[in-house]
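# Descriptive analysis of the structure
Chain residues, written in single-letter form:
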Amino acid sequence: MARGQAAKARKVSAKKAAKASGNSSTQRAATTSDTSGRPSKLLLAIGAILLAGTLAFVAFSQRNQAVDDGGLPDHILNTFSNYDQSKQSVAVNTAPRPVLGFLTPWNKGGYSTAKRYRGKLTHVSPVWFQIERQGPEKYVVKGEQDVDVEWLKEMAEPTADGKYIKIVPRVIVESLNQPSLVALLTENIERRAFASALYRLCDKYKFDGIVLELWSRIQVTPDMRSILTESIGNIGKRLHKKNLEFGIVVPPLKESFGANELRALQHDVDLFAMNTYDYSQPTTAGPNAPFLWVENCLKELRPNELATSKLLMGLNMYGNIYGPGGGQAIVGHQFIDILRAQRGRITTTWNDRAKEHFMQFTVNGIQNSMYYPTERSVAARVELAKTLNVGLSLWELGQGLDHFYDLL
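Only a predicted model underlies this, so the values are computations on that prediction, with no experimental measurement involved.

Conventions and cut-offs
- Residues numbered from 1 in each chain as written.
- Predicted model: local features only at pLDDT ≥ 70, side-chain atom pairs only at ≥ 80, totals over all residues.
- Heavy atoms only, no water.
- Helix = DSSP H or I, 4+ residues; strand = E, 2+ residues; numbered from the N terminus.
- Buried < 20%, exposed > 50% of the residue type's maximum accessible area, 1.4 Å probe, protein only.
- Contact = heavy atoms within 4.5 Å.
- Areas by Shrake-Rupley, 256 points an atom, 1.4 Å probe, with all protein chains shown as cover.
- Polar contact = N/O pair within 3.5 Å; in protein donor to acceptor, adjacent residues only side chain to side chain.
- 1 Å grid on protein atoms, 1.4 Å probe; cavity = no way out; pocket = protein on both sides within 12 Å on 5 of 7 lines; lining within 4 Å.
- Points joined across faces, edges and corners; volume = space filled by probe spheres on them.
- Nonpolar A, V, L, I, M, F, W, Y, C, P; charged D, E, K, R; others polar.
- Axes fitted to C-alpha atoms, helices over the stretch in contact; angles between N-to-C directions.
- Parallel < 35°, antiparallel > 145°, perpendicular 65-115°, else oblique.
- Left-handed = near helix turned anticlockwise from the far one by under 90°.
- Pairing = 2+ DSSP bridges.
- Salt bridge = Lys/Arg side-chain N within 4 Å of Asp/Glu carboxyl O.
- Phe/Tyr/Trp six-rings, centres within 6.5 Å; stacked < 30°, edge-to-face > 60°.
- Lys NZ or Arg CZ within 6 Å of the ring centre and 35° of its normal.
- Expected span 1.5 Å × (residues − 1).

## Some remarks on the overall build of the protein chain
A count of helical and extended segments in the protein chain gives 13 helices and 16 strands. Expressed as a percentage of the 408 residues in the protein chain, the buried residues total 49%. Intrachain contacts of the protein chain at a sequence separation of at least 6 include 73% that bridge at least 24 residues. Working note: accessible area of the protein chain is about 20,200 Å², and carbon and sulfur atoms make up 53% of it.

What follows is the structure, given as structure tokens:
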């Protein structure tokens, strides 16, 4: 999820680094040459090892990266300029698995994107609500000021093929101190009060259910996993009795959520939205969702047929740009602005292991690198989802480029 601006990394003094390198080199020279000044056998051996390692790294890089012919930025700009949005109003999703799209109130483009491409989606999850415990058995839902009633009415209309999109807003658990967490996880009366607050919310706005973000919000210890699983299952059962769908956001960490939890919850949870993105840290330029990492995160859950039909692979519609001070998230219109401003001056590279493009360009003598989804990277992940027979979870609608939806 481009979930806010990434913190800028601390700058490193080049002069200090150079000085330190020079000092250490002098010390190494004093210990790796003989009295005549000739390199010792130890130095020659180390040099041979380093040379072999360097050659191996170069060979590895050449196998896994290929510099494009420079035409990709122009292709993206031309596709963006000539794209016919009207054709998507009648597009339909023929995939048998769910496609969930998140949208946020601070990105107004998400609302129009959801309407325009709703034929490609099965569920839409507006990020509107927070739930807090304000005392014993007292749970309050906040965020109703963000509800767009007119948009909800428009989304209630059927798609071109006569289907109806399910609205399942995300509800994030906030202000969860230790006593509140313990109460929710261990006391049945607290779970009932929690589920009742969610039901009242859905009943008021006629939602089809909710997507709960709790699991990914807490540090799950080994002794907590079973009781957390039980609590989530209990809430799911209560919402199912009210004919509501229940989804949860899960982290891509087997130490927190794994195969046992998936199997235990497969009857009580309808959607498992896994956050398979944000792999690289803001301090280090790198791919957002390396392909093999995404694949392994899903395979490690070892889902059976029922669980597979409910498992959603997270697909980022945003990217990241990195400079000397670190990285920050960028969305579609920012990406297009950069391509236009740097047209003809961008080097584009395809990382075949990560199956992502990255682009490099210089501004005022400063090197910048950028990872942003492209048709090729999105298509690879959509194909992976089809191969694994899982659905998709898009973070977020309105952040990507319109032609990405042709690939769904």
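## Points about the side chain of Ser-180
Locating Ser-180 in the fold gives a position in helix α6 (residues 178–186). Given the relative accessible area of 5%, Ser-180 is considered buried. A distance of 2.8 Å separates the side chain of Ser-180 from the side chain of Asn-177, its partner in a polar contact.

## Examining empty space enclosed by the protein
Evaluation of the coordinates by the stated rule reveals 2 cavities of 30 Å³ or more. At the level of elements, β10 (311–316), β14 (356–363) and α13 (375–388) are the ones that each hand at least two residues to the lining of the largest cavity. Top contributing element to the lining of the largest cavity by residue count: α13, with 3 residues. Residues of the lining of the largest cavity, tallied by class, amount to 7 nonpolar, 5 polar and 2 charged. Taken together, the residues that form the lining of the second largest cavity break down as 6 nonpolar, no polar and 2 charged.

## Section: the packing of helix α10 (residues 291–299) against α13
Running from N to C, α10 and α13 point in directions that differ by 20°, and their axes come no closer than 11 Å. Classified by the interaxial angle, the pair formed by α10 and α13 is roughly parallel. The two elements α10 and α13 cross, and the hand of that crossing is right-handed. For the pair α10 and α13, the contacting residues are Phe-291, Val-294, Glu-295, Leu-298 and Lys-299 in the first and Ala-380, Arg-381, Leu-384 and Leu-388 in the second. Its residues assigned to classes, the contact of α10 with α13 comprises 6 nonpolar, no polar and 3 charged.

## A closer look at the pairing of strand β6 (residues 170–173)
Residues Arg-170 and Ile-172 point to one face of β6 and Val-171 and Val-173 to the other, with burial holding for every one of them. Bridge analysis of β6 against strand β7 (residues 209–213) gives 3 bridges, and the strand direction is parallel. Counterpart to Ile-172 in the pairing with β7 is Glu-213.

## Focus: the pattern of salt bridges
In total, this model carries 18 salt bridges according to the counting rule given. The partner of Lys-142 in a salt bridge is Glu-132, and the shortest N-O contact between them spans 3.1 Å. Taken together, the positions of Lys-142 in strand β4 (residues 138–142) and Glu-132 in strand β3 (residues 123–135) put the pair 10 residues apart, joining distant regions of the chain. Residue classification places Glu-132 among the buried residues on the basis of a relative accessible area of 13%. Between Arg-225 and Glu-261 there is a salt bridge whose closest N-O contact spans 2.8 Å. Of this pair, Arg-225 sits in helix α8 (residues 225–241) while Glu-261 sits in helix α9 (residues 259–265), and the two are 36 residues apart along the sequence. Residue Arg-225 shares its accessibility class with Glu-261, and that shared class is buried.

## Some details on the packing of aromatic side chains
Within the structure shown, the criterion is met by 17 aromatic pairs. Ring centres 6.0 Å apart and planes at 45° place the aromatic pair Phe-257 and Phe-272 in the tilted group. Of this pair, Phe-257 sits in the loop between β8 (245–250) and α9 while Phe-272 sits in strand β9 (residues 271–274), and the two are 15 residues apart along the sequence. Across the pair, exposure class does not vary: Phe-257 and Phe-272 are buried alike. Cluster of aromatic residues (ring-pair linked, three or more members): Tyr-111, Trp-128, Phe-129, Trp-151, Tyr-205 and Phe-207. The ring of Tyr-199 is capped by Lys-242, whose NZ or CZ atom sits 4.7 Å from the centre of that ring. Sitting over the face of the ring of Trp-350, Arg-376 holds its NZ or CZ atom 3.9 Å from the ring centroid.

## Notes on α13
Taking 1.5 Å of rise per residue, 14 residues should cover 20 Å, and α13 covers 20 Å from first to last C-alpha, within 8% of that figure. Of all the residues in α13, the buried ones are Ser-377, Val-378, Ala-380, Arg-381, Val-382, Leu-384 and Ala-385. The inward-facing, buried residues of α13 contact α10, β10, β13 (347–351), β14 and β16 (391–395).

## Things to note about the packing of helix α3 (residues 72–82) against helix α12 (residues 332–341)
Across the interface, α3 lies against α12 with an axial gap of 10 Å and an inter-helix angle of 125°. Relative to α12, α3 is oriented oblique. Between α3 and α12 lies a crossing of left-handed hand. Listed contacts from α12 to Pro-73, Ile-76, Leu-77, Phe-80 and Ser-81 of α3 are Phe-335, Ile-336, Leu-339 and Arg-340. For the contact of α3 with α12, a count of residues per class yields 7 nonpolar, 1 polar and 1 charged.

## Some remarks on α8
Here α8 is 17 residues long and its end C-alpha atoms lie 25 Å apart, about the 24 Å a rise of 1.5 Å per residue gives. Arg-225, Leu-228, Thr-229, Ser-231, Ile-232, Gly-233, Asn-234, Ile-235, Gly-236 and Leu-239 are the residues of α8 that are buried. Taken together, the buried residues of α8 touch α6, α7 (188–205), β7, β8 and α9.

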